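Fold and geometry: a report
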Amino acid sequence: MTTLHASTKQSARTEPPAKPRKLKLDSSEALLRTVSYVAVSLFALMCVLPFILIVSASFSEESKIVENGFSLVPQGFSTAAYELIFSAPRQIIGSYVVTIVMTVSGVAIGLAITSMTGYALQRKDFPLRNYISFFIYFTTLFSAGLAPTYLWIARTLGLRGNYLAVFLQLLLSPWLIILMKNFARTVPYEVIESGKIDGAGDFRIFAQLVLPMLKPALATIGLFTALSYWNEWYLSSLYLGSTVEFPPLQYHLYNIINTANALRNSVAGSNVTITDLPSNTLKMASAVVATGPIILVYPFVQKYFVSGITVGAVKG
């Protein structure tokens, strides 16, 4: 009996797990799912085609684009635009380093401040939460304007020609703080109470209990902050200009395009063939150089992005 029981038990262990049965959809559900897949696929294709067009135009000849327009296949394959961008490797690498350092440090510091601010503003035991929330929201409706801001940054703080003039202005956003506050409301208050019962302080409760539950919001806000730093060029033109050796990447590419356009206008009417000077291809190559690295970051935060932006938008 013991041997029989052991053999039966062993055979039961070695049996493969039963495969889950697939639910058979009726005709209406199958049709709805098919239409949904087709619609999503078409929408995804519409989103991808412009980027394919940009990449194709960046490897085309300028004269072919002027003559035939843009196409999904490179016309007269050429790397002249990329050669012009990377003609000064030290400059482009330096701009990349500056932008990467500003983006990484800005996201890290910005997430730390935004998450702590949003968490504190939703705590019911924080007496000043309504007043501070009003002041933060007030800045989304009214702003001082460009002239007072420039005078404050350049003269009062003396940050003209300093990277901090750009870094500090992009560090926080009132809308992102409100988004974090709304998401922090979804954290059960029982979690905070359990931490207090165990004798944990406020900072430990936030770091070990609350912060891991804010991953969707952190990914969403981190992506928005990274995009703001990566795509920044306007503030650099105001506060940095030519005072720094390595401007941020977007401003560096902006200067390359302006230089090429100025050269194109200066030789107009001379014996130089204007169609051979890169203009449209240079713009497309600049878009590829600037967009490529940030696209690689999105897949890592995609699974958190939808839930983070949805919760922050729905909660009031």
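Quick notes on the rules
- Residues numbered from 1 in each chain as written.
- Predicted model: local features only at pLDDT ≥ 70, side-chain atom pairs only at ≥ 80, totals over all residues.
- Heavy atoms only, no water.
- Helix = DSSP H or I, 4+ residues; strand = E, 2+ residues; numbered from the N terminus.
- Buried < 20%, exposed > 50% of the residue type's maximum accessible area, 1.4 Å probe, protein only.
- Contact = heavy atoms within 4.5 Å.
- Areas by Shrake-Rupley, 256 points an atom, 1.4 Å probe, with all protein chains shown as cover.
- Salt bridge = Lys/Arg side-chain N within 4 Å of Asp/Glu carboxyl O.
- 1 Å grid on protein atoms, 1.4 Å probe; cavity = no way out; pocket = protein on both sides within 12 Å on 5 of 7 lines; lining within 4 Å.
- Points joined across faces, edges and corners; volume = space filled by probe spheres on them.
- Nonpolar A, V, L, I, M, F, W, Y, C, P; charged D, E, K, R; others polar.
- Phe/Tyr/Trp six-rings, centres within 6.5 Å; stacked < 30°, edge-to-face > 60°.
- pLDDT = per-residue confidence, 0-100.
- Patch = residues over 30% accessible without salt bridge, like charges linked within 9 Å, V, L, I, M, F, W, Y side chains within 5 Å.
- Core = buried A, V, L, I, M, F, W, Y, C linked by side-chain atoms within 4.5 Å.

What to know about the overall build of the protein
Per the secondary structure count, the protein includes 15 helices and zero strands. Looking at the 316 residues of the protein, the share that counts as buried comes to 33%. At a minimum sequence separation of 6, the contacts of the protein that also span at least 24 residues come to 72%. Surface accessibility of the protein: about 19,700 Å² in total, with carbon and sulfur atoms responsible for 67%.

What to know about the pattern of salt bridges
Under the criterion given, the structure shown has four salt bridges. Taking the shortest distance from any N to any O, the salt bridge between Arg123 and Asp125 comes out at 2.7 Å. For Asp125, a relative accessible area of 45% gives the class partly exposed. Across the pair Asp202 and Arg123 runs a salt bridge whose closest N-O atoms are separated by 4.0 Å.

Side note on the layout of surface pockets
Each pocket or cavity is described by its volume, and for the largest pocket that value is around 420 Å³. Here the lining of the largest pocket is built from residues that sort into eight nonpolar, six polar and no charged. For the second largest pocket, the calculated volume is near 340 Å³. Lining the second largest pocket are Cys47, Val48, Phe51, Leu227, Asn231, Gln250, Ala290, Thr291, Ile294, Ile295, Tyr298 and Pro299. The set of elements that each furnish at least two residues to the lining of the second largest pocket consists of α2 (27–58) and α15 (280–314).

Let's talk about the packing of aromatic side chains
Tallied over the entire structure, the rule returns 13 aromatic pairs. Taking the centre distance of 5.1 Å and the plane angle of 35° together, the rings of Phe138 and Phe142 count as tilted. For Phe138, a relative accessible area of 37% puts it in the partly exposed group. A residue is classified by how much of its surface remains accessible, and Phe142, at 54% relative accessible area, is exposed. Look at Trp175 and Phe224: their rings are 5.5 Å apart centre to centre, the planes differ by 50°, and that puts the pair in the tilted class. Placement of Trp175 in helix α9 (residues 174–184) and of Phe224 in helix α12 (residues 215–230) is noted, with a sequence separation of 49 residues between them. You can call Trp175 partly exposed: its relative accessible area is 45%. We classify Phe224 as partly exposed; its relative accessible area is 25%. Site record: aromatic cluster; members linked through ring pairs are Phe134, Phe135, Phe138 and Phe142.

What about the confidence of the model for the protein?
Taken residue by residue, the protein gives an average pLDDT of 81. The fraction at 70 or more is 83%. Across residues 1–12 the pLDDT falls below 50, and counting only partners more than four positions away or on other chains, this stretch makes zero contacts in the model. Note on residues 312–316: pLDDT under 50 across the span, and seven contacts to partners over four residues away in sequence or across chains.

Let's talk about a nonpolar patch on the surface
A cluster of nonpolar side chains, Val38, Leu42, Leu45, Val48, Leu49, Ile52, Leu53, Phe70, Leu72 and Val73, forms an exposed patch at the surface whose accessible area comes to about 830 Å². Here Val48 is to be found in helix α2. Classification of Val48 by relative accessible area gives partly exposed; the value is 42%.

Concerning the nonpolar core
Formed by 35 residues in total, the largest nonpolar core has its most connected members in Ile85, Val210, Leu214 and Leu253. Mapped by element, the contributors of at least two residues to this core are α4 (80–85), α5 (89–121), α9, α11 (202–210), α12, α14 (249–266) and α15. For this core, the element with the most residues is α15, which contributes six residues. In contact with Leu253, not counting residues within four places along its chain, are Ile85, Ile92, Ser286 and Ala290.

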